[in-house]
Amino acid sequence: MHALLAGAPALPLGEAGKYVAGAYLVFMVLLVIYVAIMAAKLQRMERDLKDLAAIAEERKAEPEREGVGT
Amino acid sequence: MYGKGLRALSIATVVALATSLTLVFFYAPLDADQGFVQKIFYLHVPLSIVALVGFMVGAVFAILHLRSGERRWDAWSYVSIHMSVIFGVAVLITGAIWAKASWGHWWVWDEPTLVSFLIVFLMYATYYPFRYAIEDPERQGRYASVFAIVAGAFVPLNFMAVRMAQSLVHPRVFGTANGGLPGSMMLTFLVSLGAIGLLWITLVKLELTAKSASGQLKRLRRALDAPAPGGGSRIAPEVS
Amino acid sequence: MTPSRTAFAAILAKDLRGELRSLQSLPAMALFAVTAFVIFRFGLDRTSLSGSLASGVLWATLLFAALLGVNRLFVAEREEGGFDAIRLAPIDRSALFAAKATALLVYLLVLELVVVPVFAIFFLDSAAALPPLVLVLVLADLGLAATGTLISSMAVHSRARDLLGPLVLLPLVVPLMIAATSASEPLLVLGGPGYHRFGTWLAVLGLYDLVFLLVGYAVFDFLLED
């Protein structure tokens, strides 16, 4: 394979490689940024769910404390 | 339930992407004119095709939204366009890198597909301020669907006009994209196209799942009469 | 006449009469265009234009002048409740689209009647290009009328309405502008008008017009729901 790549015309491999790597890198970076944003959303949702669970448990405990009827 | 099948889809996407990368760097032969730089083509072109198809898909969902009045179609339309715009950023950056590597300039006006794509990108970039400027959520959804349909009709007209405006002397530099590709390159290209397409679908599904979960949270919050934290997107339609 | 045709005629007549009486948009558009020509004269440092430069200056100026008119197209409806009236009337709502688009078309044609001769006097050597140019102008105006009406009817309900209309409309009319300038350029070369691919570009203009007139007509109903 090295023989194949060594025969490449146009830009010398070192230079060309940098551009190709750059393009694929940009793609990866955008993907990872998207994942990071999704992760942040998920974190926020987890926090909200935790708060809501706490509220629901509190509600459940209240009628037991106050007895029957509202 | 939007999350169903998301795991299988993600696995399929990873496998497809890995296969595509392997083919690109270990199987596809070197291009006679452009050399190693041509490898960018296996990333840039599939991204652009998938982004454009995504815009069309957004228009189709918009039609469904207008005809049925169901809010979820608006969400599907929004996410499709949103994802295609993100893919569009990748198209333009990889296109610029390819242009610099091939021609020495970060931008060339000679490549009609790239120029057309820039114009389409500029068109869809106005989708966000457009949605943001319309306050009533129901009207926002309706108008956004009209925008998506108008923009969908605009895309092919734009490509046609730009292509025709190119001087007839200039050969299409990505002419190898359709005709004259050796079998091994074509295979690599098709696998890459499929992988990027799967990626788009997976990410759209992921986004819709996140929106749906967020919608369920709101629902739960309302059922518990819990105070809302305030905020929430002004432009992203809700999914519930 | 069917109710829709009556409505169409009524709305169109009201608009044109209103503009004639108040003379708000048209003089502004014309003044803007002529001043823009002066700016171009100094900016490009040229006293005569031909070919692609002439085509570019003319169409850029016409486009930006048109934007002024587009912005004002639905302001009266918005302020005086015209949208509600249409919604309540038992007519095909697309009649409003047809009437407004026709009104905008008339404004653009009248604008060009004034501005294009001024352009010729300022920058051109001969008026030979003007007759074929009329064809290009009419077809381009149709496209601008269709898209301008569509976008303006949505922008008028938004917060930043003066900004939103031009923002969305500009990329949308790029294919139209490409076709108009490409058709005009050979007409404006020194030594007499040329017709290189003239028919082809007219066809592109026609296609653009057809597509957006149809889309506008089909979709306008959904814009008026409340």
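Small disclaimer: the values here were computed from a predicted structure and weren't measured.

Each value, and the rule that gives it
Residues numbered from 1 in each chain as written. Chains lettered and ligands numbered in written order. Predicted model: local features only at pLDDT ≥ 70, side-chain atom pairs only at ≥ 80, totals over all residues. Helix = DSSP H or I, 4+ residues; strand = E, 2+ residues; numbered from the N terminus. Rg over C-alpha atoms; globule rule 2.2 N^0.38 Å. Buried ≥ 20, exposed ≤ 12 C-beta atoms within 10 Å, placed from the backbone. Contact = placed C-beta atoms within 7 Å. Core = buried A, V, L, I, M, F, W, Y, C linked by C-beta atoms within 7 Å. pLDDT = per-residue confidence, 0-100. Nonpolar A, V, L, I, M, F, W, Y, C, P; charged D, E, K, R; others polar.

Okay, the overall build of chain C next. A count of helices and strands for chain C gives ten helices and zero strands. The order of helices and strands in chain C, counted from the N terminus, is α-α-α-α-α-α-α-α-α-α. Against the 2.2 N^0.38 benchmark of 17 Å for 226 residues, chain C shows a C-alpha radius of gyration of 18 Å, consistent with a compact globule. Dimensions along the principal axes, computed over C-alpha positions, put chain C at roughly 55 × 35 × 30 Å. Burial statistics for chain C: of 226 residues in total, 43% are counted as buried. A sequence separation of at least 24 residues applies to 84% of the contacts in chain C between residues at least 6 apart.

Attention now moves to the nonpolar core. Core analysis: the biggest nonpolar cluster contains 150 residues, and Ile40(B), Phe147(B), Ala151(B), Ala179(C) and Leu205(C) have the highest contact counts within it. Broken down by element, this core gets its largest block of residues, 15 residues, from helix α6 (residues 94-123) of chain C. Once you skip the residues sitting within four places of it in the chain, Phe147(B) turns out to touch Tyr127(B) and Phe130(B).

For chain B, mean pLDDT is 88; residues scoring 70 or higher make up 91% of the total. Confidence, expressed as mean pLDDT per element, reaches its minimum in chain B at helix α7 (residues 183-223) of chain B with 92 and its maximum at helix α2 (residues 41-68) of chain B with 96.

A word on the interface of chain A and chain B. In this complex, chain A contributes 26 residues to the contact, which on the side of chain B involves 29 residues. When residues of the side of chain A that touches chain B are traced back to their parent elements, those giving at least two are α1 (2-6) and α2 (13-66) of chain A. Here the element with the most residues in the side of chain A that touches chain B is α2(A); it accounts for 20 residues. Residue composition of the side of chain A that touches chain B, by class: 22 nonpolar, two polar and two charged.

This part takes up the interface of chain B and chain C. Opposite the 24 residues of chain B that make contact, chain C presents 24 residues. Mapped onto the side of chain B that touches chain C, the elements with two or more residues apiece are α4 (112-125), α5 (127-133) and α6 (137-165) of chain B. Considering every element that reaches the side of chain B that touches chain C, the biggest residue donor is α6(B), with 14 residues. Here the side of chain B that touches chain C is composed, by residue class, of 19 nonpolar, two polar and three charged.

Now for unusual backbone geometry. The bulk of non-glycine residues show a negative phi, and the bulk of peptide bonds are trans. Residues and elements named next belong to chain C. Even without a glycine there, the phi angle at Asp45 is positive, about 55 degrees. Position of Asp45 among the secondary structure elements: in the loop between α2 (25-43) and α3 (51-71). A positive phi is found at Arg197, a non-glycine position, where the angle reads about 55 degrees. Summarising the element assignment, Arg197 is placed in the loop between α9 (174-187) and α10 (198-224). The class of Arg197 is partly exposed, set by 17 C-beta atoms lying within 10 Å.

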